[in-house]
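# Notes for the structure review
What follows is the residue order along each chain.
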Amino acid sequence: IESFIFIESGGNEKAQSPYAVGLMQLNGATASDTIVKEKGAGRLSQPEADMLKKYLGSRYSLVEKVKPKQTSLGKTFITKAYLLKPEFNVLVGTILLKQLMDEFTEPNGQIRMDKVITIYNGGRFSGTSKKVIPFKGTTEELVKIVPKETSAYILKLLGTEGILDTM
C-alpha cells in the first residue's frame, strides 16, 4: 500500500490529477464500483462497513441495498470530497488492490502484480487494460506492449530494486 501511495501521490493527500484524487489516486466511478463489488461479493468486513458509514453517512444506504453478486449501481455516489479524506481513500484503494490481486492470481497461486499495476494505473476499461487482461506472457514481455508511462510504473514497483523490494 505504501508503495502505491508513494508512486500515485508521493504521499500528498491532496494530490489531484485530471482523472483521480487523493493518496491512492482514485476517481468517483472506480471508488463507487469498488465498494459495490466488495459488498456484492459478501466480502465487506464489519470494520470496513463501519468506516464507510462514518464517511458516507446517509449515502451508505446505497451500499446496504447492494444485492449478492452485484458489481455496480450504474451511477457514481462517491465524490471527490470523500476521496480527499486520507483514511477513506486508502480504504477504498486497498479494497480495489485486493480485488485486482484476487482476479489476477494464477492457478499456481502467483499474483500477476504486473497486471494488477496496469489495471490500477489505467482503469479496467482502458485500451491498455483490454490488451493486458488476457495477456499470457512474462512481465518483461508485458512491459514491452504497454505505453511508456505504464511500463515505467510497473518497473518502479516490480523492477530490479523496485519500490516493493526496497520497502
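What this report covers is the structure whose coordinates are included nearby. This is a predicted model, so every value here is computed, not measured.

### A look at the overall build of the protein
Within the protein, the secondary structure is distributed over eleven helices and zero strands. Traced from its N-terminal end to its C-terminal end, the protein shows the element sequence α-α-α-α-α-α-α-α-α-α-α. In terms of overall size, the protein behaves like a compact globule, its C-alpha atoms giving a radius of gyration of 16 Å where 167 residues would be expected to give roughly 15 Å. Seen through its principal axes, the protein has C-alpha atoms that stretch 45 × 35 × 25 Å. The proportion of buried residues among the 167 residues of the protein is 42%. Pairs at least 24 residues apart make up 59% of the contacts formed inside the protein by residues separated by at least 6 positions.

### So, the packing of aromatic side chains
Summed over the entire model, instances satisfying the criterion amount to four aromatic pairs. Ring geometry for Tyr82 against Phe88: centres 5.9 Å apart, planes inclined by 40°, an arrangement best described as tilted. For the pair Tyr82 and Phe88, one class covers both residues: buried. Three or more aromatic residues joined by ring pairs make a cluster, and in this case those are Phe4, Tyr120 and Tyr153.

### Notes on the environment of Glu8
Here Glu8 shows up in helix H1 (residues 2–9). Linking Glu8 and Lys115, residues 107 residues apart in sequence, is a C-alpha distance of 16 Å. Filtering out sequence-adjacent residues up to four positions away, Glu8 remains in contact with Leu23, Met24, Gln25, Tyr120, Asn121 and Tyr153.

### A look at the nonpolar core
Counting residues in hydrophobic clusters, the biggest one holds 43 residues, and the most contacted among them are Phe4, Leu56, Ile78, Phe88 and Tyr120. For this core, the element with the highest residue contribution is helix H6 (residues 86–103), accounting for seven residues. Once residues lying within four places of it in the same chain are set aside, the contact partners of Leu56 are Val63, Phe77, Ile78, Tyr82 and Phe88.

### Some details on helix H7 (residues 113–122)
Summarising burial for H7: eight of the ten residues are buried, a large majority. Along H7, the residues classified as buried are Met113, Asp114, Lys115, Val116, Ile117, Thr118, Ile119 and Tyr120. Structurally, H7 contributes buried residues whose contacts are with H1, H6, helix H8 (127–132), helix H9 (139–145) and helix H10 (148–158).

### Overview of the packing of helix H3 (residues 46–56) against H6
For the pair H3 and H6, the least separation of the axes is 10 Å and the interaxial angle reads 135°. When the interaxial angle is binned, H3 and H6 end up oblique. Taken as a pair, H3 and H6 cross one another with a handedness that is left-handed. Across the interface between the two elements, Glu48, Met51, Leu52, Lys54, Tyr55 and Leu56 of H3 pack against Glu87, Phe88, Leu91 and Ile95 of H6. A class-by-class count of the residues in the contact of H3 with H6 yields seven nonpolar, no polar and three charged.

The rules we used
Residues numbered from 1 in each chain as written. Predicted model: local features only at pLDDT ≥ 70, side-chain atom pairs only at ≥ 80, totals over all residues. Heavy atoms only, no water. Helix = DSSP H or I, 4+ residues; strand = E, 2+ residues; numbered from the N terminus. Rg over C-alpha atoms; globule rule 2.2 N^0.38 Å. Buried < 20%, exposed > 50% of the residue type's maximum accessible area, 1.4 Å probe, protein only. Contact = heavy atoms within 4.5 Å. Phe/Tyr/Trp six-rings, centres within 6.5 Å; stacked < 30°, edge-to-face > 60°. Core = buried A, V, L, I, M, F, W, Y, C linked by side-chain atoms within 4.5 Å. Axes fitted to C-alpha atoms, helices over the stretch in contact; angles between N-to-C directions. Parallel < 35°, antiparallel > 145°, perpendicular 65-115°, else oblique. Left-handed = near helix turned anticlockwise from the far one by under 90°. Nonpolar A, V, L, I, M, F, W, Y, C, P; charged D, E, K, R; others polar.

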